[in-house]
Amino acid sequence: MGDAPAKERLSEIFVFRCTPTEKAVLRAKAEAAGLSAADLLREALGLTEVRRRKPIPRAAPELVRAAGRIGGNLNQIARWLNRAARAGESRQIDALQVARQLVAIERQLARLIEGDRRC
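Note that the coordinates shown come from a computational prediction; the quantities given were computed from them, not determined experimentally.

Conventions and cut-offs
- Residues numbered from 1 in each chain as written.
- Predicted model: local features only at pLDDT ≥ 70, side-chain atom pairs only at ≥ 80, totals over all residues.
- Heavy atoms only, no water.
- Helix = DSSP H or I, 4+ residues; strand = E, 2+ residues; numbered from the N terminus.
- Buried < 20%, exposed > 50% of the residue type's maximum accessible area, 1.4 Å probe, protein only.
- Contact = heavy atoms within 4.5 Å.
- Areas by Shrake-Rupley, 256 points an atom, 1.4 Å probe, with all protein chains shown as cover.
- Salt bridge = Lys/Arg side-chain N within 4 Å of Asp/Glu carboxyl O.
- 1 Å grid on protein atoms, 1.4 Å probe; cavity = no way out; pocket = protein on both sides within 12 Å on 5 of 7 lines; lining within 4 Å.
- Points joined across faces, edges and corners; volume = space filled by probe spheres on them.
- Nonpolar A, V, L, I, M, F, W, Y, C, P; charged D, E, K, R; others polar.
- Expected span 1.5 Å × (residues − 1).
- Core = buried A, V, L, I, M, F, W, Y, C linked by side-chain atoms within 4.5 Å.
- Patch = residues over 30% accessible without salt bridge, like charges linked within 9 Å, V, L, I, M, F, W, Y side chains within 5 Å.
- Axes fitted to C-alpha atoms, helices over the stretch in contact; angles between N-to-C directions.
- Parallel < 35°, antiparallel > 145°, perpendicular 65-115°, else oblique.

J.: For the overall build of the protein, give the residues involved together with the corresponding values.
T.: In terms of helices and strands, the protein carries four helices and zero strands. When the elements of the protein are put in sequence order from the N terminus, they spell out α-α-α-α. The proportion of buried residues among the 119 residues of the protein is 12%. The long-range share in the protein, meaning contacts at least 24 apart out of those at least 6 apart in sequence, stands at 42%. For the protein, the accessible surface area stands at approximately 10900 Å², while carbon and sulfur atoms represent 55% of it.

Structure representation (structure tokens):
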């Protein structure tokens, strides 16, 4: 396989005047395309072929915080299981109790996601 051409550094700035409406349209089109305004303009001018980014899903801040707390709970369970396994105490772990807790966490997360979808 051949060497890829060296990527030229983006060091120059080009400024142009536009109306507030034109600016809003440009930003909206860029966001809809999952691109920065600069990448959208480069692509429109044929200067580059930009890979599309997946749009970042919007979520309610409460949902993000709740998901973070649930993730913290999962990390605590994983640490506890790993510590017990390293200490040779895995026979003392009540697998059914762990499974119940994981199912409870999964249900809690499903309720949060469903509640966010309704909004």
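That was the structure; now back to the text.
J.: An account of the pattern of salt bridges is needed here, citing residue identities and associated values.
T.: In total, this model carries one salt bridge according to the counting rule given. Note that Arg42 is salt-bridged to Asp39, the shortest N-O span being 2.6 Å. Of the two residues, Arg42 and Asp39 are both situated in helix α2 (residues 37-44); the distance of three residues between them amounts to about one turn of the helix. Under the relative-accessibility criterion, Arg42 is labelled partly exposed at 24%.

J.: Just give me the short version of the layout of surface pockets, but keep the residues and values in it.
T.: The calculated volume of the largest pocket comes to roughly 920 Å³. If you go around the largest pocket, you meet 24 residues; those closest to its centre are Leu10, Ala38, Asp39, Leu41 and Arg42. If you tally residues by element for the lining of the largest pocket, the top one is α2, at five residues. Counted by class, the lining of the largest pocket contains twelve nonpolar, two polar and ten charged residues.

J.: Outline helix α3 (residues 61-86), listing residues and values.
T.: With 26 residues, α3 extends 37 Å between its outermost C-alpha atoms, agreeing within 8% with the 38 Å of an ideal straight helix rising 1.5 Å per residue. Those residues of α3 lying buried are Leu63, Ala66, Ile70, Ile77 and Ala84. Directly after α3, the chain includes Gly88, whose backbone phi takes a positive value near 75 degrees.

J.: Please set out the nonpolar core residue by residue, giving values where relevant.
T.: By size, the foremost hydrophobic cluster in this structure holds six residues: Ile70, Ile77, Ala84, Ile93, Val98 and Ile105. Where this core is concerned, the elements lending two or more residues are α3 and α4 (95-118). A per-element tally of this core places α3 first, with three residues. With residues near it in sequence (within four places) discarded, Ala84 still touches Glu89, Ser90 and Ile93.

J.: Explain a nonpolar patch on the surface to me, and be specific about the residues and the numbers.
T.: Taken together, the side chains of Phe14, Phe16 and Leu41 make up a nonpolar region of the molecular surface, amounting to roughly 350 Å² of accessible area. Residue position: Leu41 is located in helix α2.

J.: Explain the packing of helix α1 (residues 20-33) against α2 to me, and be specific about the residues and the numbers.
T.: For the pair α1 and α2, interaxial distance at closest approach is 9 Å and the crossing angle is 85 degrees. What the angle tells us is that α1 and α2 run roughly perpendicular. For the pair α1 and α2, contact is made by Leu26, Lys29, Ala30 and Ala33 and by Ala37, Leu40 and Leu41, respectively. Of the residues that constitute the contact of α1 with α2, the class distribution is six nonpolar, no polar and one charged.

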